[in-house]
Number of protein chains: 2
Amino acid sequence: MKIENEEFKITLIGAGRVGFHLGKQLKKAGFDILQVFSRNLNNSNKLASLVDSEAINQLSEVSPEADLVIIAVADSAISSVSRKLSEILTEKSLIVHTSGATPSMVFQNYFKRFGVFYPLQTFSFEKEPDFSEVPFCIYSDRPKDLKILKEIASSLSEKVFVINDTQRARLHVAAVFVNNFTNHMYFIGKKILNEENISLDVLMPLIEETTQKIKKNDPFLMQTGPAIRRDQETIKSHLEMLEKHPDFQELYQLLTKNIQQYHL
Amino acid sequence: MKIENEEFKITLIGAGRVGFHLGKQLKKAGFDILQVFSRNLNNSNKLASLVDSEAINQLSEVSPEADLVIIAVADSAISSVSRKLSEILTEKSLIVHTSGATPSMVFQNYFKRFGVFYPLQTFSFEKEPDFSEVPFCIYSDRPKDLKILKEIASSLSEKVFVINDTQRARLHVAAVFVNNFTNHMYFIGKKILNEENISLDVLMPLIEETTQKIKKNDPFLMQTGPAIRRDQETIKSHLEMLEKHPDFQELYQLLTKNIQQYHL
């Protein structure tokens, strides 16, 4: 794959869930994957063999020949990895991370050309993601580098958004609510049902409909249930039913109060 | 439509969202809709004309000829409606309500033959539900009546569950978590994004994936995010970003604590 009429070489730092799927997809899109780094050589070998690349497990082995270096490691390791890479990489390489929680500015003491290449989806090793539907949130201070990232992202997905550091931070908090906390709601629902030997399957159509509705409608207008109806009798009976779970009671009460606060 | 080789006549009490869709679907399945009651004659007329039925707006006009009377009114009105209907209806009629929050026992002082016919889905006037996918939670103390309800529900949906009062109450609390509270998570996500001029569309693929994942996987095992990672730095920065919304901060903290409590 060429970017600006040059063969474009990409090195992946990290072979976790994001690096794994991103690497495979970049290869599929025609990019040359120069190296795959993982501290665990088994992991770098596994991905490298899939994308026809060199596996390494020492940052000192990273080649300065990459056009793009994608850092897909734990958020807390991005800074220290960057420091080590700054001893090797030059302005030939554009350096990006894939983190929703980390500002691009984490790179500013180490590199001149840097940015963010954040695929906003939850990945697991078991499931092949449909990349065409994955929103890519990209950013770089330098318009030329932003253009490169846009070109690469567009070769993977139809949904490319330029999102600056402030916006991305917001996006990440919002994602915690709609993904992590929502998943915890499903966990609670399942736990409550299991105690009466009911499968969560009974609620799956409702769960899916709740999601489908907000594709076309404002969730504010879609709110239903005892909280918004101020149905004290039902709320009271629900809290009684949850008496074995004081933590769920507390959540139920706070969420009910919060819903009512926005629906006066 | 015949049940036990007899033409089967159904009267609908209530022409709200549930009554409206249920009435149309029962008609489509071939049942005779004898009467449609709503306090608001406009509403009963609207549904009655669609299902070729008689519209009434006085409970005293309810005919004792119905084989099944479906009470689809607000939970709080079920008891008083039952009291009035008990002056008219006889053992010819099986009486059910469509409420997830109300025990079947609400009927025991008024009728001999009673039960529950609860379509576990969220309905809106704007959207035509796919009834074949709507779980019907049915119940009756009397095996013969349960059999009748099962036959009717099976003519509408492939998903019919016999769910007793205790189980249904549990199901309703669980539904509040997975539907009402989840929808509120979407509301919060959208509000956080709007302040930075980002559309919730950017998060829709993540939202859909979160739902799809739990179709095949235990939500406990699917939990991700800063809470389960005990990523204090991210949690702290998220709380700082939410400083304009102390209510969201409080929710974030409680949900984070609750997730961590189950993932020690």
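Bear in mind that the values here come from a model prediction, so they are computed numbers and not experimental data.

Definitions and cut-offs
- Residues numbered from 1 in each chain as written.
- Chains lettered and ligands numbered in written order.
- Predicted model: local features only at pLDDT ≥ 70, side-chain atom pairs only at ≥ 80, totals over all residues.
- Heavy atoms only, no water.
- Pairing = 2+ DSSP bridges.
- Helix = DSSP H or I, 4+ residues; strand = E, 2+ residues; numbered from the N terminus.
- Axes fitted to C-alpha atoms, helices over the stretch in contact; angles between N-to-C directions.
- Contact = heavy atoms within 4.5 Å.
- Buried < 20%, exposed > 50% of the residue type's maximum accessible area, 1.4 Å probe, protein only.
- Right-handed = clockwise from strand over helix to strand, strands pointing away.
- Parallel < 35°, antiparallel > 145°, perpendicular 65-115°, else oblique.
- Left-handed = near helix turned anticlockwise from the far one by under 90°.
- Nonpolar A, V, L, I, M, F, W, Y, C, P; charged D, E, K, R; others polar.
- Salt bridge = Lys/Arg side-chain N within 4 Å of Asp/Glu carboxyl O.
- Polar contact = N/O pair within 3.5 Å; in protein donor to acceptor, adjacent residues only side chain to side chain.
- Core = buried A, V, L, I, M, F, W, Y, C linked by side-chain atoms within 4.5 Å.

(A) Broad picture of the sheet that holds strand E5 (residues 54–56) of chain A. Residues and elements named next belong to chain A. Overall, mixed pairing links the eight strands, which are arranged E5-E4-E3-E6-E7-E8-E9-E10 in an open sheet. Edge positions in the sheet fall to E5 and strand E10 (160–162), since each of these pairs with one other strand and no more. Here the strands of the sheet are splayed against their neighbours by 25 degrees on average, with no regard to which way each runs. Direction of pairing for strand E9 (residues 136–140) relative to E10: parallel, over a ladder of three bridges. Along E10, the bridge assignment pairs Ile138 with Val162. This element, helix H2 (residues 41–51), spans strand E3 (9–13), strand E4 (32–37) and E5 of the sheet and lies at about 170 degrees to E5.

(B) Molecular detail of the pairing of strand E7 (residues 94–97) of chain A. Residue and element names in this part refer to chain A. Burial along E7 is two-sided: the face carrying Leu94 and Val96 and the face carrying Ile95 and His97 are both buried. Of the strand pairs in this sheet, strand E6 (residues 68–71) and E7 are connected by four bridges, and their pairing is parallel. From the neighbouring strand, Leu68 faces E7, where its bridge partner is Leu94. Each parallel crossover has a hand, and the one from E6 via helix H3 (residues 78–85) to E7 is right-handed. By the bridge criterion, three bridges tie E7 to strand E8 (residues 114–119) in an arrangement that is parallel. By the bridge assignment for E8, His97 is matched with Val116.

(C) Region of the structure containing the environment of Leu85 of chain A. All names here are of chain A. Tracing the sequence through the fold places Leu85 in helix H3. Expressed as a C-alpha distance, the spacing of Leu85 and Leu59, which sit 26 residues apart in the sequence, is 6.9 Å. Ignoring sequence-local partners within four residues, the contact set of Leu85 consists of Ile13, Leu59, Val62, Val69, Ile71 and Phe111.

(D) Quick peek at the packing of helix H1 (residues 17–28) of chain A against H2 of chain A. All names here are of chain A. The N-to-C vectors of H1 and H2 enclose an angle of 15 degrees; their axes lie 9 Å apart at closest approach. One finds that H1 runs roughly parallel with respect to H2. Taken as a pair, H1 and H2 cross one another with a handedness that is right-handed. Residues Gly19, Phe20, Gly23, Lys24 and Lys27 of H1 touch H2, and the partners they reach there are Lys46, Leu47, Leu50 and Val51. Along the lines of polarity and charge, the residues of the contact of H1 with H2 split into four nonpolar, two polar and three charged.

(E) How the structure looks around the interface of chain B and chain A. Facing the 87 residues of chain B at the interface are 87 residues of chain A. At the boundary of chain B with chain A, the tally comes to eight salt bridges. Asp218 of chain A serves as the salt-bridge partner of Lys190 of chain B, at 3.6 Å between the closest nitrogen and oxygen. Among the elements of the structure, helix H5 (165–194), helix H6 (204–216), helix H7 (219–222), helix H8 (226–229), helix H9 (232–241) and helix H10 (246–262) of chain B are those that each provide at least two residues to the side of chain B that touches chain A. Sort the elements by how many residues they give to the side of chain B that touches chain A and H5 of chain B lands first, with 27 residues. Class assignment for the residues of the side of chain B that touches chain A results in 43 nonpolar, 23 polar and 21 charged.

(F) Representation of the pattern of salt bridges. In total, this model carries 26 salt bridges over all chains according to the counting rule given. A salt bridge links Lys215 of chain A to Glu208 of chain B; its shortest N-O distance comes to 3.1 Å. Here Glu208 of chain B lies in helix H6 and Lys215 of chain A lies in helix H6 (residues 204–216), a pairing that spans two chains. Look at Lys215 of chain A and you get partly exposed, because its relative accessible area is 40%. Since its relative accessible area comes to 24%, Glu208 of chain B is described here as partly exposed. Across the pair Lys236 of chain B and Glu240 of chain B runs a salt bridge whose closest N-O atoms are separated by 3.6 Å. Here Glu240 of chain B and Lys236 of chain B lie together in helix H9, a separation of four residues that amounts to about one turn. With relative accessibility at 55%, the residue Lys236 of chain B sits in the exposed group. A relative accessible area of 46% places Glu240 of chain B in the partly exposed class. One salt-bridge network, in which partners are shared between bridges, spans Arg113, Arg142 and Asp145 of chain A.

(G) A look at the side chain of Asp231 of chain B. Note that Asp231 of chain B resides in the loop between H8 and H9. Here the side chain of Asp231 of chain B touches Arg229 of chain B through a polar contact of 3.1 Å, side chain to side chain. Ignoring sequence-local partners within four residues, the contact set of Asp231 of chain B consists of Asp75 of chain A together with Pro226 of chain B.

(H) Geometry of the sheet that holds strand E6 (residues 68–71) of chain B. All names here are of chain B. One open sheet accounts for eight strands, arranged E5-E4-E3-E6-E7-E8-E9-E10; its pairing is mixed. Edge positions in the open sheet fall to strand E5 (54–56) and strand E10 (160–162), since each of these has one partner strand only. Put simply, the sheet's adjacent strands are angled 25 degrees from each other on average, direction ignored. Across four bridges, strand E3 (residues 9–13) lies against E6 in parallel orientation.

(I) Molecular detail of the nonpolar core. One finds Phe177 and Leu203 of chain A together with Phe177 and Leu203 of chain B to be the most contacted residues of the largest nonpolar core, which totals 77 residues. Excluding its chain neighbours within four sequence positions, the residues that come into contact with Phe177 of chain A are Thr182 of chain A together with Met185, Ile188, Ile192, Leu242, Phe248 and Tyr252 of chain B.

(J) Structural context of unusual backbone geometry. A positive phi angle, near 60 degrees, is found at Asp52 of chain A, a position not held by glycine. Along the chain, the position of Asp52 of chain A falls in the loop between H2 and E5.

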